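What the coordinates show
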Amino acid sequence: MGRVVVEVMPKPEILDPQGKAVVGALPRLGFTQFSGVRQGKRFELEVDGEVTPEILAAAREAAATLLSNPVIEDVVSVVDAAAVPGEATGTPVSA
Amino acid sequence: MSVTEPMPAAVAAPVLAGARIGVITFPGTLDDRDASRAVRLAGAEAVSLWHADESLQDVDAVVLPGGFSYGDYLRAGAISRFAPAMAAVVDAANGGMPVLGICNGFQVLTEAHLLPGSMVKNDHLHFVCREQSLVVENARTAWTNEFRRGQQITIPLKNQDGQFVADERTLDELEGEGRVVFRYDGWNPNGSRRDIAGITNDRGNVVGLMPHPEHAVEAGFGPASAEGPRAGVDGLTFFTSVLSSLVHA
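Chain B goes by Phosphoribosylformylglycinamidine synthase subunit PurQ in an unreviewed UniProt entry, where it is assigned to Promicromonospora sukumoe. UniProt, in the comment section headed Pathway (unreviewed entry), describes chain B in these words: "Purine metabolism; IMP biosynthesis via de novo pathway; 5-amino-1-(5-phospho-D-ribosyl)imidazole from N(2)-formyl-N(1)-(5-phospho-D-ribosyl)glycinamide: step 1/2." As its UniProt record puts it under Subunit (unreviewed entry), chain B is described as follows: "Part of the FGAM synthase complex composed of 1 PurL, 1 PurQ and 2 PurS subunits."

Going by the annotation in an unreviewed UniProt entry, the name recorded for chain A is Phosphoribosylformylglycinamidine synthase subunit PurS, with Promicromonospora sukumoe given as the source organism. Checking UniProt for chain A, the heading Subcellular location (unreviewed entry) contains the comment "Cytoplasm". What UniProt states about chain A under its Sequence similarities (unreviewed entry) heading is, verbatim, "Belongs to the PurS family."

Here we look at the pairing of strand β9 (residues 180-184) of chain B
Residue and element names in this part refer to chain B. Among the five residues that make up β9, five are buried, leaving the element largely enclosed by the rest of the structure. Sheet topology places strand β6 (residues 128-136) next to β9; three bridges connect them, and they run antiparallel. Paired with Val136 across the two strands is Phe182, which belongs to β9. In this sheet, strand β10 (residues 196-200) lies alongside β9 in antiparallel orientation, the contact comprising three bridges. From the neighbouring strand, Phe182 faces β10, where its bridge partner is Gly198.

A short note on helix α3 (residues 84-94) of chain B
All names here are of chain B. Along α3, the residues classified as buried are Ala85, Met86, Ala88, Val89, Ala92 and Ala93. With its buried residues spanning 155° around the axis, α3 presents them on a single face. Residues of α3 that are exposed and angled more than 90 degrees away from the buried face: Asp91 and Asn94. For α3, the elements touching its buried residues are β1 (20-25), β2 (45-50), β3 (61-64), β4 (99-102), α4 (104-111) and β11 (206-209). Two residues or fewer past α3, Gly96 is found with a positive phi of approximately 105°.

Things to note about the interface of chain A and chain B
Each partner contributes to the interface: chain A provides 17 residues, whereas chain B provides 17 residues. Of the roughly 1300 Å² buried at the junction of chain A and chain B (both faces included), carbon and sulfur atoms supply 66%. Where chain A meets chain B, there are one salt bridge. The closest approach of N and O atoms between Glu73(A) and Arg75(B), which form a salt bridge, is 3.5 Å. Summed over the shared surface of chain A and chain B, the result is seven residue pairs in polar contact (both at pLDDT 80 or more).

Re the sheet that holds β11(B)
For sheets, the rule is that strands pair by backbone hydrogen bonds, running either parallel or antiparallel. Residues and elements named next belong to chain B. Spatial strand order, β2-β1-β3-β4-β11-β10-β9-β6-β7: nine strands in an open sheet with mixed pairing. Both edges of this open sheet fall to β2 and β7 (152-159), since each of them pairs with a single strand only. The average angle at which neighbouring strand axes cross in this sheet is 25°, direction not considered. Sheet topology places β1 next to β2; six bridges connect them, and they run parallel. Its bridge partner lying in β2, Ile21 is registered against Ala46.

Analysis parameters
- Residues numbered from 1 in each chain as written.
- Chains lettered and ligands numbered in written order.
- Predicted model: local features only at pLDDT ≥ 70, side-chain atom pairs only at ≥ 80, totals over all residues.
- Heavy atoms only, no water.
- UniProt positions renumbered as here; feature names shortened; annotations may be inferred.
- Buried < 20%, exposed > 50% of the residue type's maximum accessible area, 1.4 Å probe, protein only.
- Helix = DSSP H or I, 4+ residues; strand = E, 2+ residues; numbered from the N terminus.
- Pairing = 2+ DSSP bridges.
- Arc of directions from axis to C-beta.
- Contact = heavy atoms within 4.5 Å.
- Buried area = accessible area lost by both parts, 1.4 Å probe.
- Salt bridge = Lys/Arg side-chain N within 4 Å of Asp/Glu carboxyl O.
- Polar contact = N/O pair within 3.5 Å; in protein donor to acceptor, adjacent residues only side chain to side chain.
- Axes fitted to C-alpha atoms, helices over the stretch in contact; angles between N-to-C directions.

Here it is, written out as structure tokens:
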């Protein structure tokens, strides 16, 4: 089974209220190192077979039409998970 | 008709009988019944439409009501844009049919590209619910022709993703073409660019706004007004306006 990972972020000029709320909360927990936070979205699109170039192209189109709104968001990346180290298994990375 | 006085439904009905206004229900729509009631109080027939229907049943106008269509899970209004009924709405709107998007309906109209810009979370991060004062900036649209330019009206507002955003060029275009229909008066409740509460397309048949006219159509249930508490019926003028525009079309 293949997987395409799509990442979407709010445009830099758009105020990101969720990121703003998070950056306000960090110092209260003692994390004073971070001056800004922006919160985006990650989508994992699964396919039954391999991720072909056609499937990747379809994922790009889905990212541009449904998964993001170009008025307020940028599609940061659309990648075949198998081609990215650490993405292939989908196992969360622990510290 | 005086714009400052409520228009009794009994007066409106005989003149405009026969107009059919569709109200679309998406999964998660909350205000469809209120919108239908507003349509009836204005003297028209309210036609309930379902998001999965491809036909608009030959209605004369359409209201996209407020709520949280598809739970707003992806983005407010994003999934509704692809509902079968919306394909018909886009076609009809491009053909000149009056379409009003209220709150979530406004978000759906921007996602469907019938109106420019988009809505993001309120700048103060809180859900807001209040009686909102607005200034009518454009009284020539299908939904505002019975207001007068510069008129101050009060209708309820309740939203979480109500901050209207667009790039500067789009905002300048909206201002320059007189397509800002309503501006927040007194206090901007969500950080919307240039205090914009509602906009229209270049033709003036498609209008979207964040506050809720359908909640201010009947004395006893609306916001406070000069006539007394809960007496405000400024919202009814949206629905009588569209009937006027249909009659004169």
